[in-house]
Amino acid sequence: MVLTGASDGKDITTAINAGVYVLVLEFRDPVRVRVGALGFLHFEAGSYLYVGSARRNLRQRVARHLAVAKRVRWHIDYLTTHPGVRVVGAVMVQNMSLTECNLAKKIGLDLDGTVPVPAVGMSDCRNRCPAHLWWRRRPTTLDEVVAVLPGLLVVVVNETVPRTAPAIVF
Ligand SMILES: [Zn+2]
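Residues numbered from 1 in each chain as written. Predicted model: local features only at pLDDT ≥ 70, side-chain atom pairs only at ≥ 80, totals over all residues.

**Thoughts on the confidence of the model for the protein chain**
Here the protein chain shows a mean pLDDT of 85. Residues at 70 or above account for 84%. Of all the helices and strands in the protein chain, helix H1 (residues 9–14) carries the lowest mean pLDDT, 52, while strand S7 (residues 133–136) carries the highest, 97. Within the model, pLDDT remains below 50 along residues 5–11, and this stretch shows five contacts once partners closer than five positions in the same chain are excluded. Taken together, the stretch residues 161–166 has pLDDT below 50 and engages in 12 contacts with residues farther than four places along the chain or on a different chain. (pLDDT = per-residue confidence, 0-100. Helix = DSSP H or I, 4+ residues; strand = E, 2+ residues; numbered from the N terminus. Contact = placed C-beta atoms within 7 Å.)

If you want it as structure tokens, here you go:
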């Protein structure tokens with residue numbers, strides 16, 4: 001089930017405030033990005049799918065990923081604040097049995113992802129996953145992400161880019 005914008009989006013989004021999510025980014029050109037202590041890393045042009053989780057305040061977490069102005073704190077923040085990035089949006093999943101690591105594996109497999117830069121976004125991983133950040137050369141739509149996800153979903157389209165599907169924007 002995918003929730004799309006209704007007259008009262010607040011009620012709908014309240015349904016999801018804990019769980020896992022997939023954040024979709026794009027770099028039109030290859031970039032070198034300094035990712036904290038990992039130093040300068042090379043990122044190919046293409047899509048990046050980042051899998052994260054929040055035990056609470058999931059909506060605020062996703063909104064923070066979409067915000068341009070923020071204090072850089074996590075690895076992914078170095079990408080989402082890069083001038084060459086386009087933050088496409090995110091898909092939130094309300095499914096407490098789906099862990100961040102399981103979702104990361106599923107995204108990599110189902111969307112045929114490649115590991116772009118090992119260790120980026122892996123600080124919290126205890127399961128030796130191949131990646132929580134996946135790369136695909138071609139642009140990835142939020143619809144493609146929705147198509148491989150189970151359960152109750154909320155799609156968040158970054159309002160600074162053209163909307164490709166009805167969605168809740170906040
Ligand atoms: Zn993991």
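There's more to say after this.
**Describing the pairing of strand S4 (residues 40–43)**
As paired elements, strand S3 (residues 31–34) and S4 share four bridges and run antiparallel to each other. Counterpart to arginine 34 in the pairing with S4 is phenylalanine 40. As consecutive antiparallel partners, S3 and S4 are separated by five residues, and within that stretch glycine 36 has a phi angle of approximately 50°, a positive value. (Pairing = 2+ DSSP bridges.)

**Concerning helix H4 (residues 100–110)**
Taken as a whole, H4 has its buried residues at Leu103, Ala104, Ile107 and Gly108. The buried residues of H4 occupy one face: seen down the axis, they fall within an arc of 135°. Check the buried side of H4 and you find it contacts strand S2 (19–27), strand S5 (46–54), strand S6 (85–94) and S7. The positive-phi residue at the C-terminal boundary of H4 is aspartate 112, with phi of around 55°. (Buried ≥ 20, exposed ≤ 12 C-beta atoms within 10 Å, placed from the backbone. Arc of directions from axis to C-beta.)

**Regarding the environment of glutamate 44**
The residue glutamate 44 is located in the loop between S4 and S5 in this model. Note on glutamate 44: 15 C-beta atoms within 10 Å, which makes it partly exposed. If we ignore the near neighbours within four places in the chain, the residues touching glutamate 44 are Pro30, Pro116 and Trp135.

**A closer look at the nonpolar core**
Nonpolar side chains tend toward joint burial in soluble globular proteins. In this structure, Tyr21, Val22, Val24, Ala90, Val91 and Met92 are the most contacted members of the largest nonpolar core, which totals 42 residues. Those residues in contact with methionine 92 that sit more than four places away from it in its chain are Ile16, Gly19, Tyr21, Leu58, Val62, Leu153, Val154 and Val156. (Core = buried A, V, L, I, M, F, W, Y, C linked by C-beta atoms within 7 Å.)

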